[in-house]
Amino acid sequence: MTLRDPAQSVAESIDGDRAAALLGSVRDHELPPVLHDLVAEYQSFDGARPWFIWRWVHQLAPKNTMPVVDDAHHEAVATNKTMLVLFITILDDLLENQSDYETFETICRCVRPSGRPSDIQPAEQSVDEAAEASVVDESYVAFARTVWETLLERLERSPSFDRYAPLFRFDVRQIITAIEYSALVIERPELATSTDLRHYEIHNMGMNSYLDIDLMHTSADYTDDLEALRAVIDPAQRMARIGNWLSTWERELRQGDISSGVVIAALERGLVDNEQFSGPESGTGGDPVERAIDRIRDSGIEAELLEEWNDEYRRLVSLSDRVDVVDVTPFVEGTKDVLRYHLASRGFK
């Protein structure tokens, strides 16, 4: 695989039986009991995302892991990262699919309570205080509380939790901002720009928080290396976001979600217009939406995003050469596997 065009090589590697094999490996992947139980409870909520997604996230977690994690903690890291994605998905569902701002804000108090910026408070205290004056979905709040508290309890057992907990809380708040930006785009698409999308919404991939979890699970102190390590995360997160856009934009558009970089690019170029997504048939697979999807497919936007992925990959390689404390080659190579799984799972998540 060449540095010149790695995305094309990845795309060519998933045709036919190879894509089916990747999907089969995800479907057969088993979740650890603590995660299985939480996902099973999540499935009881209306609009819950399928089991496939959680198996997908957990199976791919090692590809998104920096080689700083102590050998004894790799399994815990994969589970904790998937648990974080579950918590964020709860918030994402509430705002983007249900427009339930009251419940969303109540749950967000778990992550951004009052007090010092370095504080991380248990969910029960902050949620109860916030719920007093709001009408919220109590079952959703209770479940989100369970997920967040379970995650925190697990993270607190990591060898370097105290060192990186303030940074983790800050990074999770950036994910919340990304969700809020997506909701803004859905409600007011005329205010969306590709620049803002790449500035705000890109954080929905949560890869800075992933790095925080990695660093918590090492006995070594990497605080002097944060600059280099976090610099590597930036292009990797953008690459993951592109892969996610490419694999989900059609499903999201049929559901009335136009916040994908694919669709925003089409809107900016006048290939489609907002009215196509605001009529009585929009979001239900109606003809206007299907015509928009066909037009976007024929536009070349997806190919342009793959070339953008290539540019970010080259930047990632350059930045990784500046990291001398650990060999981040496995992480760099893992980004190609992440894209491979994104492209293979198009239409399944």
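Residues numbered from 1 in each chain as written. Predicted model: local features only at pLDDT ≥ 70, side-chain atom pairs only at ≥ 80, totals over all residues. Heavy atoms only, no water.

*Asks:* Can you explain the overall build of the protein chain? Please cite residues and give values.
*Replies:* When helices and strands are tallied, the protein chain shows 16 helices and 0 strands. Here the contacts in the protein chain between residues at least 6 apart in sequence split such that 77% fall between residues at least 24 apart. Just so you have it, the protein chain exposes about 15100 Å², and 46% of that area is on carbon and sulfur atoms. (Helix = DSSP H or I, 4+ residues; strand = E, 2+ residues; numbered from the N terminus. Contact = heavy atoms within 4.5 Å. Areas by Shrake-Rupley, 256 points an atom, 1.4 Å probe, with all protein chains shown as cover.)

*Asks:* Let's hear about the pattern of salt bridges: which residues, and what values?
*Replies:* Using the criterion set out here, one finds 23 salt bridges in the structure. Notably, a salt bridge pairs aspartate 171 with arginine 230, separated by 3.0 Å at the nearest N-O pair. Remark: arginine 230 occurs in helix α12 (residues 226-254) and aspartate 171 occurs in helix α9 (residues 161-187); sequence separation between them is 59 residues. For glutamate 304, the salt bridge is made with arginine 269, and the minimal N-O distance between the two is 2.5 Å. Of this pair, glutamate 304 sits in helix α15 (residues 301-320) while arginine 269 sits in the loop between α13 (261-268) and α14 (287-297); the two residues are 35 residues apart in sequence, bridging distant segments of the chain. Take glutamate 304: its relative accessible area is 40%, and that puts it in the partly exposed class. (Salt bridge = Lys/Arg side-chain N within 4 Å of Asp/Glu carboxyl O. Buried < 20%, exposed > 50% of the residue type's maximum accessible area, 1.4 Å probe, protein only.)

*Asks:* For the environment of isoleucine 258, give the residues involved together with the corresponding values.
*Replies:* When you line up the elements, isoleucine 258 lands in the loop between α12 and α13. You can call isoleucine 258 buried: its relative accessible area is 4%. A sequence separation of 72 residues divides isoleucine 258 from isoleucine 186, and the C-alpha atoms of the two residues are 5.8 Å apart.

*Asks:* Give a description of helix α3 (residues 33-42) that names residues and reports values.
*Replies:* For an α-helix the count is 3.6 residues per turn, leaving residues at separations of three or four pointing the same way. Along α3, the residues classified as buried are Leu35, Leu38, Val39 and Tyr42. All buried residues of α3 project into a common sector of 95° when viewed along the axis, lining one side. Residues of α3 that are exposed and angled more than 90 degrees away from the buried face: Pro33 and Asp37. Against the buried residues of α3 lie α4 (51-60), α5 (74-97) and α8 (138-156). (Arc of directions from axis to C-beta.)

*Asks:* Pulling in residues and values, what's your account of the state of the cysteines?
*Replies:* Per the stated rule, a full pass over the model turns up 0 disulfides. Here cysteine 108 is not disulfide-linked; the sulfur of cysteine 110 is the nearest cysteine sulfur, at 8.1 Å. Classification of cysteine 110 as buried rests on a relative accessible area of 0%. (Disulfide = S-S within 2.5 Å.)

*Asks:* Describe unusual backbone geometry, naming the residues involved and giving the relevant values.
*Replies:* In most cases, non-glycine residues show a negative phi, while peptide bonds are predominantly trans. One non-glycine residue, serine 99, adopts positive backbone phi at about 50°. Tracing the backbone through its elements, the reader meets serine 99 in the loop between α5 and α6 (101-108).

*Asks:* Outline the nonpolar core, supporting the account with residue identities and numerical values.
*Replies:* Grouped together as the largest cluster of nonpolar side chains are 108 residues, with contacts concentrated most on Met66, Phe87, Leu91, Ile107 and Phe168. Per-element accounting of this core gives the leading share, 12 residues, to α12. With sequence-adjacent residues up to four places away left out, phenylalanine 87 is seen in contact with Ile107, Cys110, Val111, Ala144, Val147 and Trp148. (Core = buried A, V, L, I, M, F, W, Y, C linked by side-chain atoms within 4.5 Å.)

*Asks:* Talk me through the packing of aromatic side chains; I want residue IDs and the actual numbers.
*Replies:* Between two aromatic rings, the relevant description is the distance of the centres plus the angle of the planes. Overall, the coordinates contain 9 aromatic pairs when judged by the stated rule. When the ring of phenylalanine 45 is compared with that of tyrosine 140, the centres are 4.6 Å apart and the planes differ by 50°; the resulting orientation is tilted. With phenylalanine 45 in the loop between α3 and α4 and tyrosine 140 in helix α8, the pair connects residues that are 95 residues apart, well separated along the chain. Ring centres of phenylalanine 87 and tryptophan 148 lie 4.9 Å apart, and the angle between their planes is 35°; on these two criteria the pair is classed as tilted. (Phe/Tyr/Trp six-rings, centres within 6.5 Å; stacked < 30°, edge-to-face > 60°.)

*Asks:* I'd like a rundown of the packing of α5 against α8, residues and numbers included.
*Replies:* The interhelical angle for the contact between α5 and α8, taken along N-to-C directions, is 155°, at an axis separation of 10 Å. Here α5 is positioned roughly antiparallel relative to α8, judged by the angle of their axes. The two elements α5 and α8 meet at a crossing, and its hand is left-handed. Here Ala76, Thr79, Asn80, Met83, Leu84, Leu86, Phe87, Ile90, Asp93 and Leu94 of α5 come into contact with α8, specifically with Tyr140, Phe143, Ala144, Val147, Trp148, Thr150, Leu151, Arg154 and Leu155. Its residues assigned to classes, the contact of α5 with α8 comprises 14 nonpolar, 3 polar and 2 charged. (Axes fitted to C-alpha atoms, helices over the stretch in contact; angles between N-to-C directions. Parallel < 35°, antiparallel > 145°, perpendicular 65-115°, else oblique. Left-handed = near helix turned anticlockwise from the far one by under 90°. Nonpolar A, V, L, I, M, F, W, Y, C, P; charged D, E, K, R; others polar.)

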